[in-house]
Amino acid sequence: MRFGILGETRVWRDDGTEVPLGGPARRGLLALLLIRPGQVVPSDRLTEEIDPDGVLSAHALQSQVSRLRTALGPAAAIERSGSGYRIVVADNDVDACRFERLAGQGRMALRDGEAERAVTLLREALDLWRGTALAELAESETARAAATRLEELRLAALEDRIEGELRLGEHRAVIPELRELAGRHPLRERPAGLLMRALYAEGGRAEALVVFEETRRHLAEELGADPSAELVALHRELLSADPSPSPAAPPAQLTSFVGRDEEVADVAGLLRVARLVTLLGPGGVGKTRLSVEVAVEVAGAAADEVCFVELAALGDGAGLAPALLGALGLRERGLQVEDGPQTPVDRLIAALSHRVLLLVLDNCEHLIEETAALAARLLAACPRLRVLATSREPLGVIGEHLHQVRPLDADAAVRLFTDRARAVRRGFAADPQRLRRICAALDDLPLAIELAAARLRALDLGELEGRLNDRLGVAARGSRPADGRHRTLRSVVAWSWDLLTEPEQRAARRFTVFAGSATAESARRVCGTDAETLESLVDKSLLEVSHGRYRMLETIRAYGAERLDEAGESDSARHAHARHVLELVRTADPHLRRAGQLEWLPIVVAEHENLLAAVRWAVEAPDAATALELLASASTYLWIRGASATAAPYAIRLLDAIGDTPPPGLGEEYATTVLLASSDREIWRRHRATAERALAAAWPGDRAGHYPAALLLWMLRNAGASDAQAAFTLLTAQHDCPEPWARAVARYVSGFGALGEKDVEAAAREFGAAAEEFRVLGDRWGTALALDMLAGLAGGGGDHARAIALTDEALTLTGRLGAQEDAADLLVNRADYFAAADDAEAARADYAKAADLARRAGSATCLGAALRGLGDIALREGDLDEAERLYAEAAQRLDPHWIRSLGNRVRTLAGLARVAEARGDHAMARTRYREAAGAAAAGGSTPDALRLLGLPGALSDALAAAVSGR
């Protein structure tokens, strides 16, 4: 049993069902006993604080205790002890006690420098709060004191969590929350200091200084005090700091950059006159490192934004555009499920069309055609974009400027060898001429030099010379191919490989099945090795390790993959990799719909490339069962993160291979795969009916299937179909399902059913119940969906303050999920509520912010909605030309076939009608009103229902007139 006093007093059984407690007296009694579980509370204090008016007698108290015992049953004993009562439950079963424990552990982790662990613990602690602590006992002195103490601990835990996130580099994400926190507590210095640090890290030095001045003024006016020494020291640090920190930059390098300073300047100068520059050269010549240094130079000189995209881990061109979206911090789909297709390329164009950005595309050679096509399209559509590519061959795009990256000159090669040798052997020194001969034997290739220098950890220079010359002599026999440097590099890799022990070679070749990187645990399990062997591979420069993840250079990976094939281990290693990934996503899946959502999402995000690699192998093997299980187990993650398009090509290929009959025992996995592939209209048409039967069989209502998120997506995907009732019935059948998330979804869908019956009160009850059930489970995704609907109902009913408050809460939740486009959508909604409440300035600010976020997120629909809102403001202020321009641009961006765009498209067309009306062009006004009415009807709405889409009554009346022909 779990007990909650951090909000309304509530009790839940282990299966998540709630225990009915009865009236306020019984809840108050339980809350007082739970403040200190196990401690005796005197009877007279219980009666006095439950009922300060003195109506509750000792006999009545006994009666309440008896009824409470009956409600709780044997899981929680309420004992009589002396002159009072106590409840015998474990501290960890009471949310307040669990909160204090987790918050204390989080603070200790923060003090010990374990920021990631601290944030995880503190988020878990803060997620336990559901409202005001001990809410029912506002007049109880004991409860007030306990609530005050808990609220202070909550505030301290929130500050600790934010500090941990700042240490992890999440400055941008915490700034809105810190602004709100500092505003609520203007005399509390810690939030002000944290906000100053976050603003400065995001380039807002001036804003950070303003925060200090405001805090200093509040302290002086309210308390007659000066800021603390700590805050003054931070202020002084900001004053003396560089006022123009560099914007987002490529990956920070751990080693010095040797020998190419002039080349950096040349390429940076070339980028000032050319929009596409490709660095050419063989593998290991230093193209990637040069591109990083050029990007840093460009960013520092022009304060341009830089986005660095590593393409080496991509298996095929299907993942190219999604990879760019990911590098830009964008998702392919929003939190709200989209009803119409928008390709990743469309989102990229929308996101980059107005940005000044240098896009660095590293390692293009294995995707040369796809990269060339995408670069050409982006450059044509985004006039302020520049592209720097690295490749072993030109992209072949018109306007491309080529820069050949050649081996280091003699002096630079020796400096590089000496620098890297000193990293592994302190005080290393040698005859420069001797080092020159070694570097010349390596063709002065940077990677070959670094690999050779790393061997000095175990060999002396003479041994190194002997082995290196031997190895290169063997590799150079026979005719030398045109790409001689590549052969030399291959020889160096082979030589380095041959120095490994057999267990090290086995681990290294099996590691090549990972895409990008792997955790230590994953590497040990898939490679069948131990931690000591992995560390040895790091020492020998065959693996790199960063932030707890192992990575292999692509040149070494290619060589290792050949050795894996030669050993006959390729299939077994890839099968082991796929099963390991399946185990991970299968374990994570239920947590993604519970309080562990924020803890598990980053874990699965880090394995995204490994997930796609595992699915690709399973589809190609073919291993249909593993492929279906992988896609289904990852589906919740893919939908929450808006990354389902990355898996769609594999889902489509898999369904083409297995046909429309699901393999035995995998019906639900098949149905989920059909959902992931539904962007292909032919696949959807061919598989929809079979998938619906399979999903219904997996979720009959009296027992749970495995993937409840598929239920919600099935309903939303079928919402506009002529036979949508079957999907609706499938969802509503889950009201008594043993899976609590499915029950919450059923309540959410029932709200739409009530709306269809025009029963707004019933809809509000259902959406409210869904929000509460999602919240209890800890699912921010579902909670945000339900809160958005509640806000819409409140706004439609004229309660704009409540609509704004609900949207604020939803914005906080989507912010935690990192959903820019969803924040834009919610900001438009909040702006609509501000506008309806006659707060035009607040509305304008939200519309403008939403437009900016939508452009960054590449969301044409959200941008169209924001422009519609700005058009409404311009029309209200009498600027007809500006209103018409904004409405026209919005109409171009709003998809007429996308149900999510319906309300804004109708409002945009109606806005154009009102512009025509204001100009006295009544014929055009009637035409526009009819277009708006037609759009509403095409979307399944009638003018009477348009208020639920956010339309003011006057517009609904005008549309009604248009429909009737008046």
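Now for a look at the structure at hand. The model shown is predicted, which means the values in this text are computed figures rather than measured ones.

### Concerning helix H41 (residues 880–893)
Moving on, step 1. With 14 residues, H41 extends 20 Å between its outermost C-alpha atoms, agreeing within 8% with the 20 Å of an ideal straight helix rising 1.5 Å per residue.
Moving on, step 2. Buried within H41 we find Leu880, Ala883, Leu886, Tyr887 and Ala890. Along the axis of H41, the buried positions cluster into a sector of 130 degrees, meaning they face one direction only. Within H41, the exposed residues directed more than 90 degrees away from the buried face are Asp881 and Gln892.
Moving on, step 3. Looking at the buried side of H41, the elements it contacts are helix H40 (860–876) and helix H42 (902–918).

### Some words on empty space enclosed by the protein
Empty space among the atoms can be located by rolling a probe the size of a water molecule over them.
Moving on, step 1. A full pass over the atoms with the stated rule returns three cavities of 30 Å³ or more.
Moving on, step 2. For the largest cavity, the calculated volume is near 80 Å³.
Moving on, step 3. What lines the largest cavity is Ala313, Leu314, Gly315, Asp316, Ala318, Gly319, Glu609, Leu612, Arg616, Thr646 and Tyr650.
Moving on, step 4. Taken together, the elements giving at least two residues each to the lining of the largest cavity come down to helix H27 (608–620) and helix H29 (644–658).
Moving on, step 5. Broken down by element, the lining of the largest cavity gets its largest block of residues, three residues, from H27.
Moving on, step 6. Roughly 40 Å³ of volume is contained in the second largest cavity.
Moving on, step 7. What lines the second largest cavity is simply Ile5, Ile35, Arg36, Ala96, Cys97, Glu100, Leu134, Ala146, Arg149 and Leu150.

### A word on the packing of helix H30 (residues 667–676) against helix H31 (residues 681–698)
In helix packing, the relevant descriptors are the interaxial angle and the interaxial distance, both defined with respect to the helix axes.
Moving on, step 1. At their nearest, the axes of H30 and H31 sit 8 Å apart, and the two run at 140 degrees to each other. As judged from the angle between their axes, H30 and H31 are oblique. Viewed along their axes, H30 and H31 form a crossing whose handedness is left-handed. From H30, Gly667, Glu668, Tyr670, Ala671, Val674 and Leu675 reach across to H31, where they touch Trp684, His687, Thr690, Ala691, Ala694, Leu695 and Ala698.
Moving on, step 2. Counted by class, the contact of H30 with H31 contains nine nonpolar, three polar and one charged residues.

### Some remarks on the pairing of strand E4 (residues 77–81)
Moving on, step 1. Note that E4 and strand E5 (residues 84–88) share five bridges and pair antiparallel. Paired with arginine 80 across the two strands is tyrosine 85, which belongs to E5.
Moving on, step 2. Two successive antiparallel strands, E4 and E5, enclose a turn made up of two residues, where glycine 82 displays a positive phi of approximately 65 degrees.

### Brief notes about the sheet that holds strand E13 (residues 549–551)
Sheet strands pair via backbone hydrogen bonds, and the direction of the pair is either parallel or antiparallel.
Moving on, step 1. Strands sit in the order E11-E13-E12 across an open sheet of three strands; the sheet is antiparallel. Strand pairing shows two members of the sheet lacking a second neighbour, strand E11 (517–519) and strand E12 (544–546), which therefore form its edges. In this sheet, neighbouring strand axes are inclined to one another by 30 degrees on average, regardless of whether the strands run parallel or antiparallel.

### Some thoughts on the environment of arginine 149
Moving on, step 1. Within the secondary structure layout, arginine 149 lies in helix H6 (residues 141–167).
Moving on, step 2. Overall, arginine 149 belongs to the partly exposed group, its relative accessible area being 30%.
Moving on, step 3. When the C-alpha atoms of arginine 149 and alanine 133 are compared, they prove to be 9.8 Å apart, with 16 residues separating the residues in sequence.
Moving on, step 4. For arginine 149, the side chain forms a polar contact with the side chain of glutamate 100, separated by 2.9 Å.

### Re the sheet that holds E4
Moving on, step 1. Read from one edge of the open sheet, three strands run E3-E5-E4, paired in antiparallel fashion. The two strands at the open ends of the sheet, each matched to only one other strand, are strand E3 (41–42) and E4.
Moving on, step 2. Inspection of the sheet shows E3 paired to E5 by two bridges, in the antiparallel sense. By the bridge assignment, proline 42 is partnered in E5 with glycine 84.
Moving on, step 3. Across the face of the sheet, helix H1 (residues 24–34) comes into contact with E3, E4 and E5 while running at roughly 75 degrees to E5.

Parameters and conventions
- Residues numbered from 1 in each chain as written.
- Predicted model: local features only at pLDDT ≥ 70, side-chain atom pairs only at ≥ 80, totals over all residues.
- Heavy atoms only, no water.
- Helix = DSSP H or I, 4+ residues; strand = E, 2+ residues; numbered from the N terminus.
- Expected span 1.5 Å × (residues − 1).
- Buried < 20%, exposed > 50% of the residue type's maximum accessible area, 1.4 Å probe, protein only.
- Arc of directions from axis to C-beta.
- Contact = heavy atoms within 4.5 Å.
- 1 Å grid on protein atoms, 1.4 Å probe; cavity = no way out; pocket = protein on both sides within 12 Å on 5 of 7 lines; lining within 4 Å.
- Points joined across faces, edges and corners; volume = space filled by probe spheres on them.
- Axes fitted to C-alpha atoms, helices over the stretch in contact; angles between N-to-C directions.
- Parallel < 35°, antiparallel > 145°, perpendicular 65-115°, else oblique.
- Left-handed = near helix turned anticlockwise from the far one by under 90°.
- Nonpolar A, V, L, I, M, F, W, Y, C, P; charged D, E, K, R; others polar.
- Pairing = 2+ DSSP bridges.
- Polar contact = N/O pair within 3.5 Å; in protein donor to acceptor, adjacent residues only side chain to side chain.

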